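Read off the chains here:
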Amino acid sequence: MAVVSDGAGMLRTADGVPLKQALARATRVNKIKAFLLVAPLLVFILITFIVPILDMMTRSVSSPEVVDALPKTIAELVKWDGTDLPPEAAFAAMAAEMSDKKNKFYLGKAAARLNFQKSGFRSLFNKSQRKIKRVKQGPFKDAFAKIDKRWAQSATWNIIRNASGRYTDVHYLNAIDMNRDPAGEIAAQPKIKRIYVTLFERTIYVSFGVTILCLILAYPISYLLATLPLKTSNLLMILVLLPFWTSLLVRTTAWIVLLQANGVLNDLFVFFGIVNDENRIRMIYNMTGSLIAMTHILMPFMVLPLYSVMKTISPTYMRAARSLGANPFTAFVRVYMPQTVPGIGAGSILVFILAIGYYITPALVGGQSGQLISNLIEYHMKKSLNWGLAAALGGLLLIGILVLYWLYNRIVGIDKMKFG
Amino acid sequence: MSNLPPYAGPAERTWYYTYRLICAAIFVFLIAPIIVMVPLSFNAEPYFTFRPEMLALNPDAFSMRWYQDIIDNRQWLFSMKNSFIIGIAATLLATTLGTLAALGLSRPDMPYKGVIMGILISPMIVPLIITAAGLFFFYSRFGLSQTFVGIIMAHTALGTPFVVITVTATLSGFDTSLIRASAGLGASQTRTFFKVIMPLISPGVISGGLFAFVTSFDEVVVVLFLSGFEQRTIPRQMWAGIREQISPTILAVATILVCISIALLTVVELLRRRSERLRGISPG
């Protein structure tokens, strides 16, 4: 690009375009080119990954079931003040909507939704649908009361009214062991139904425990790998990388083989007389099994960042510290360890993020006591079919992970991540 | 720590050997579980432990019956075929899309780099159970659940972060003046890409692709939610085996998978050294 000056102080290219403009255009073209290269993957990830997850998250707040099934009843209930019983018009609308054959599918969904709120609704709906059909004329208030006395209680109607919004916070409330009482106030669940907060706490404790165990085990060997001559350390590195490359299920199977009651370790213990044959140690299908297997599986994620940080620390610092009179311990703690903090941070956050969403290992070797939040999400997805609650639990987990991810990005930079 | 200095006192000497012993124990912890399975997969009896005959190396205690079992059982061969179909398709897609994106991300003019990188890496960060649940709802709506297409799409998404990260890392050491040199010598952009850029970044592309393959080959949670009987993969089959009735056939399959991992690890390691050599870093 030949540049000429037009005398008025403005730089122009040979064909007379102002230089500033020409450069801006060139940058813009480059920007578009760069973006076009990224676009296919970006679109692909958005469609096949981001949108589905956002879509699931909307399930955690949406509750169209009740208003879809009982629009007219809800319209009447909204006018009602919530005390005593709803007006006869609400009962009549309910009777009409329950008798409508075309409405059966939606009524089933509404009943299921209300059942998560208070058990018994499903059977109440089934029974009432069957019986109200035969009632040809009012007053429907008495007819409903005759079918089931719950219809004569304002609490029942309040639950329906509270569940009538298209959007709800009830799944999130359930996910933190809260609920709305019939008056619509937020209250803690009865003690026997409080499980999720405990489970979140357990998941955090386990992830924290696994992170600490990984750090304790990974630190010494990373240091060894970083200080040995390359030839030896490359060989030893294989011992870290092979588990890293081995299938998760294979490693989980391996731990079942080692740890089960008739497994290799217990046999060894019996052989050496540490325990007798009747009292074999239970090391698997409980929390211990989960902890051991998860630590083993996630350890390479701690070793690799630690190693790459330690590799860059020059040994001269340690020598300088020693020559200035520090004993080996002081030199290590005061001079070496502070320099490894970025590696410790990177490895710990990575292991913690991976551990907190772990599903496979706890499901296979965790038994009852080793189940984590992921396993409960699966349970609500596949067994209890309470998808709203599953989405809410997933949403809370996701928020926690995104915060950690953001932290990791701030501290380490996501593009600094390395494998192998 | 590599060598004990000559002036080391007895305390330091003791610590030196204790430390090495600790490290040895940790390495045993890492590798022993994988090693232990291998001889057990040749067990003649359906046990998961070493019997006295095996320890005495009695040839009658060993057999290939569990390997024979894999071949006789059509279910295992079938799932192996599925695993390879899904793995290879997902790898090709992920490698192509991921490499293109990495090329774009490495350009100095790339706008919104941080945000886009964050989105592209997210499949690696989001817990698999959330991914699986989300995809299950969304793909079902479009009739993509219980199809190969659905699983391949999901596995492609899960594999791309690895490709993006490894290729971006390779490109960070890439000398961009080579592109200008190539253009200056009259090569078209396509020619420059295939003759100059590709050979230099290929180690990164291949190891990224291998990571994507392993991710798909090893993935079970999404498959649990999305696959029907027709799409059963090896991990899905192993999952069923471990959950229902764990038989030594699983150990035989596991041993085969370990061999595959060793092969992949070797390839990646060789590529890493080649890449370092190309970039002028001595592998030592």
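Residues numbered from 1 in each chain as written. Chains lettered and ligands numbered in written order. Predicted model: local features only at pLDDT ≥ 70, side-chain atom pairs only at ≥ 80, totals over all residues. Heavy atoms only, no water.

Some remarks on the overall build of chain B
Link 1 in the chain: Counting its regular elements, chain B contains twelve helices and zero strands.
Link 2 in the chain: The N-to-C order of helical and strand elements in chain B reads α-α-α-α-α-α-α-α-α-α-α-α.
Link 3 in the chain: Buried residues in chain B amount to 54% of all 284 residues.
Link 4 in the chain: A separation of at least 24 residues holds for 66% of the contacts in chain B among residues at least 6 apart in sequence.
Link 5 in the chain: Total accessible area computed for chain B in this model is approximately 12900 Å², and 66% of it derives from carbon and sulfur atoms. (Helix = DSSP H or I, 4+ residues; strand = E, 2+ residues; numbered from the N terminus. Buried < 20%, exposed > 50% of the residue type's maximum accessible area, 1.4 Å probe, protein only. Contact = heavy atoms within 4.5 Å. Areas by Shrake-Rupley, 256 points an atom, 1.4 Å probe, with all protein chains shown as cover.)

A short note on the interface of chain A and chain B
Link 1 in the chain: In this assembly, 89 residues from chain A lie in contact with 92 residues from chain B.
Link 2 in the chain: In total, chain A and chain B occlude about 8500 Å² of area from one another, counting both sides; carbon and sulfur atoms represent 80% of this.
Link 3 in the chain: Between the two partners, chain A and chain B, sit two salt bridges.
Link 4 in the chain: In this structure, the salt-bridge partner of Asp 55 of chain A is Arg 141 of chain B, at a minimum N-O distance of 2.9 Å.
Link 5 in the chain: Applying the counting rule to chain A against chain B returns twelve residue pairs in polar contact (both at pLDDT 80 or more).
Link 6 in the chain: Looking at the side of chain A that touches chain B, the element that brings in the most residues is helix H1 (residues 19–59) of chain A, giving 25 residues.
Link 7 in the chain: When its residues are assigned to classes, the side of chain A that touches chain B shows 63 nonpolar, 16 polar and ten charged. (Buried area = accessible area lost by both parts, 1.4 Å probe. Salt bridge = Lys/Arg side-chain N within 4 Å of Asp/Glu carboxyl O. Polar contact = N/O pair within 3.5 Å; in protein donor to acceptor, adjacent residues only side chain to side chain. Nonpolar A, V, L, I, M, F, W, Y, C, P; charged D, E, K, R; others polar.)

Concerning the domain arrangement of chain A
The accessible area lost on association of the parts is a frequent measure of interface size.
Residues and elements named next belong to chain A.
Link 1 in the chain: Taken as a whole, chain A is organised into domain 1 (3–59), domain 2 (65–193) and domain 3 (196–416).
Link 2 in the chain: The C-alpha centroid of domain 3 is placed 48 Å from the C-alpha centroid of domain 2.
Link 3 in the chain: At the junction of the two partners, domain 2 supplies seven residues and domain 3 supplies twelve residues.
Link 4 in the chain: When domain 2 packs against domain 3, the two sides together hide about 820 Å² of surface, and 67% of this comes from carbon and sulfur.
Link 5 in the chain: Ranking the residues of domain 2 by area buried against domain 3 places Phe 116, Tyr 172 and Ala 175 at the top, with a combined share of 54%.
Link 6 in the chain: Counting the contacts that link domain 2 with domain 3 gives zero salt bridges.
Link 7 in the chain: The interface formed by domain 2 and domain 3 includes two residue pairs in polar contact (both at pLDDT 80 or more).
Link 8 in the chain: Counting residues per element, the side of domain 2 that touches domain 3 draws most heavily on helix H9 (residues 170–175), which supplies four residues.
Link 9 in the chain: Classifying every residue of the side of domain 2 that touches domain 3 by side-chain character gives four nonpolar, two polar and one charged. (Domains from an automatic or database assignment.)

Focus on the packing of helix H4 (residues 74–105) of chain B against helix H11 (residues 234–243) of chain B
Any two packed helices are characterised by how steeply their axes cross, that is the angle between the axes, and by the distance between the axes.
Residues and elements named next belong to chain B.
Link 1 in the chain: Between H4 and H11, the least distance of the axes is 7 Å, while the angle of their chain directions is 140 degrees. Comparing the axis directions of H4 and H11 gives the class oblique. Within the contact between the two elements, H4 uses Gln 75, Trp 76, Ser 79, Met 80 and Ser 83 and H11 uses Ile 234, Pro 235, Gln 237 and Met 238.
Link 2 in the chain: Grouping the amino acids of the contact of H4 with H11 by side-chain chemistry returns five nonpolar, four polar and no charged. (Axes fitted to C-alpha atoms, helices over the stretch in contact; angles between N-to-C directions. Parallel < 35°, antiparallel > 145°, perpendicular 65-115°, else oblique.)

So, helix H7 (residues 140–147) of chain A
Residue and element names in this part refer to chain A.
Link 1 in the chain: Taken as a whole, H7 has its buried residues at Phe 140, Ala 143, Phe 144 and Ile 147. Along the long axis of H7, the arc covered by the buried residues comes to 95 degrees, so they all point the same way.
Link 2 in the chain: Against the buried residues of H7 lie helix H4 (88–99) and helix H6 (121–132). (Arc of directions from axis to C-beta.)

Regarding a nonpolar patch on the surface
Link 1 in the chain: A contiguous nonpolar surface patch, about 300 Å² in accessible area, is contributed by Val 43, Leu 46, Ile 47 and Val 51 of chain A.
Link 2 in the chain: Here Val 51 of chain A shows up in helix H1. (Patch = residues over 30% accessible without salt bridge, like charges linked within 9 Å, V, L, I, M, F, W, Y side chains within 5 Å.)

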